[in-house]
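# Structure assessment
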Amino acid sequence: MQRDRPSPRTHIRAFRLNGRAREILVADSELLLDTLREALGLTGTKQGCDGGECGACTVLIDGRPRLACLTRTEECAGHDVETIEGLAENGRMSRLQRAFHERLGTQCGYCTPGMIIAAEGLLRRDPAPDETAIRAALAGNLCRCTGYVKIIEAVQEAARGAP
Amino acid sequence: MEIMPRFDVLRPTSVAAAIDDSRRCQASRFVAGGTDLMVNLRHGLGTPETLIDLRHIPELREISAGESGIAIGAAVTLADLAANPEIRQRYPAIVAAACAVGAPAHREAGTIGGNLCLDTRCLFYNRSAWWREANDFCLKHQGETCHVAPTGKRCHAAFSGDLAPALLIHDAEIEIAGAAGPRRVPLADLYAEDGAAHLRLARGEFLVRIHLPADPWPAAYAKARTRGAIDFPLAGVAVALRAEAGKVTGLRVALTGTNARPFLLTGIEALENACIDAAWLDRLAKLVQKQVSPMRTTLLAAQYRRRVASALAQRLARALGGMVTENSTAA
């Protein structure tokens, strides 16, 4: 069925990635998840269902949660992309990351980057969310280990420590 | 893992440029948030050479409120729609429907126009290419037989957008742009009862704006689904109900997830100018069950979806009519 077609053009796309300006040569059809993991070596963003159903690949674009498996890299041109690798401060875990560590909000760890990024997006909008708001913000992130209770507690812990 | 087919993306910044791009690129498709399209393309459902991204057209991203109502640009994201103060104040059913789509990350990308033009869904369609080939392709794409109703002549894939019913109950109108010029039609006219061709849009036509009247009736939306988030409706129901002195003076009910198109219940006038009591709710349920036609397009039984649709309609009507409900938690 697939017809032969001229190979698509690639373009230089400029965007900010974890606070640093980046320029990268990509095809329009390339997904952000593949660019992050394959071209840029940022494997913290996990590849889960590849269909927008699990949240493992959640990243922040302009501070809002987006799924890297449904987002084309070309869409990010001119925008601010943040991944789990961008949260550590001077080589130390962020407050939210520490809370996941200390409150046992992570077990096998596969969902954790997406979970933390989704929670980070929430805490930036709402530094003191109630449990309902936390559950709503994390509704798109599947975890098969923890049963979510420890994850909610970790986000609450991080929120309590907010200045 | 499935490989994304290669395509180019055009980013027109005006309606005229988008029409022009579509005319030049015959093997093109429009895209906005892409939350459904990207998954389908990876499944081999369509191989466009070019995607035309409509989100760079400023007028498609605006919400403007005036005396005659509200106009919503088709590329307004569901997150922005649900957060808009004007919409929150006047159209709670639309906010509920927008918040019922996917999860927060989908709503940051997905748009109202994309949700209205959402492809229909089916057990036999939303599958990987190898699954569909192994099962023999279906009528909707590449095949000749509908696996849901093999003796039938048409595709029964279900329309599964949440926004359409919440807009239909308010008599929304849509503005369409295309090579043949702009047109404005009732939203109901966008849809046809055919899962393989459910949108009445000519090639190159796309949604520009959705218009809502200024004084909507009180309304609500609820959906039944398997998962609490990131799930399409097994049945979705929107109800607008105006009551005076305990009597229903106006009623509109619209459904999604049960048919190849979202639709307004007909014959609803028979339920107006009456009090909401057990007999009235029974008549409402019968009317819903008569007009929905769920097929085996989801994992859950069609009969369950028929019954849950009528139960949701009853629950919303009771709540809007101010009746005390014994079980008012949303599905």
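Heads up: these notes are all about the structure in this document. (Residues numbered from 1 in each chain as written. Chains lettered and ligands numbered in written order. Predicted model: local features only at pLDDT ≥ 70, side-chain atom pairs only at ≥ 80, totals over all residues. Heavy atoms only, no water.)

## Some thoughts on the environment of Met-295 of chain B
Inspection of the secondary structure assignment puts Met-295 of chain B in the loop between helix H10 (278–291) and helix H11 (302–320). Along the primary structure Met-295 of chain B and Cys-122 of chain B are separated by 173 residues, whereas in three dimensions their C-alpha atoms are 9.4 Å apart. (Helix = DSSP H or I, 4+ residues; strand = E, 2+ residues; numbered from the N terminus.)

## Describing the packing of aromatic side chains
Think of a pair of aromatic rings as described by two things: how far the centres are apart, and how the planes are tilted against each other in angle. All names here are of chain B. Inspection of the entire model under this criterion finds three aromatic pairs over all chains. Judged by centre distance (4.9 Å) and plane angle (55 degrees), the ring pair of Phe-30 and Phe-206 falls under tilted. Taken as a pair, Phe-30 in strand S2 (residues 28–31) and Phe-206 in strand S8 (residues 206–212) lie far apart in primary sequence, 176 residues in all. You can call Phe-30 partly exposed: its relative accessible area is 22%. The ring of Trp-131 is capped by Arg-127, whose NZ or CZ atom sits 4.3 Å from the centre of that ring. The ring of Tyr-125 carries the charged tip of Lys-140 above its face, separated from the ring centre by 4.6 Å. (Phe/Tyr/Trp six-rings, centres within 6.5 Å; stacked < 30°, edge-to-face > 60°. Buried < 20%, exposed > 50% of the residue type's maximum accessible area, 1.4 Å probe, protein only. Lys NZ or Arg CZ within 6 Å of the ring centre and 35° of its normal.)

## Things to note about the pairing of S8 of chain B
Residues and elements named next belong to chain B. The element S8 is largely enclosed, with a buried count of seven among its seven residues. In the sheet, strand S5 (residues 69–73) pairs with S8 via four bridges, with the strands oriented antiparallel. Of the residues in S8, the one forming a bridge with Ile-70 is Leu-212. (Pairing = 2+ DSSP bridges.)

## Let's talk about the interface of chain A and chain B
Across the contact, 31 residues belong to chain A and 34 residues belong to chain B. Between chain A and chain B, the buried area comes to about 2900 Å², and carbon and sulfur atoms account for 49% of it. Across the contact surface, chain A and chain B share seven salt bridges. As a salt-bridge pair, Arg-9 of chain A and Asp-8 of chain B come within 3.7 Å of each other at their nearest N and O atoms. Put simply, chain A and chain B have 11 residue pairs in polar contact (both at pLDDT 80 or more) between them. Residue assignment for the side of chain A that touches chain B shows that the elements contributing at least two residues are strand S4 (64–67) and helix H4 (131–137) of chain A. (Contact = heavy atoms within 4.5 Å. Buried area = accessible area lost by both parts, 1.4 Å probe. Salt bridge = Lys/Arg side-chain N within 4 Å of Asp/Glu carboxyl O. Polar contact = N/O pair within 3.5 Å; in protein donor to acceptor, adjacent residues only side chain to side chain.)

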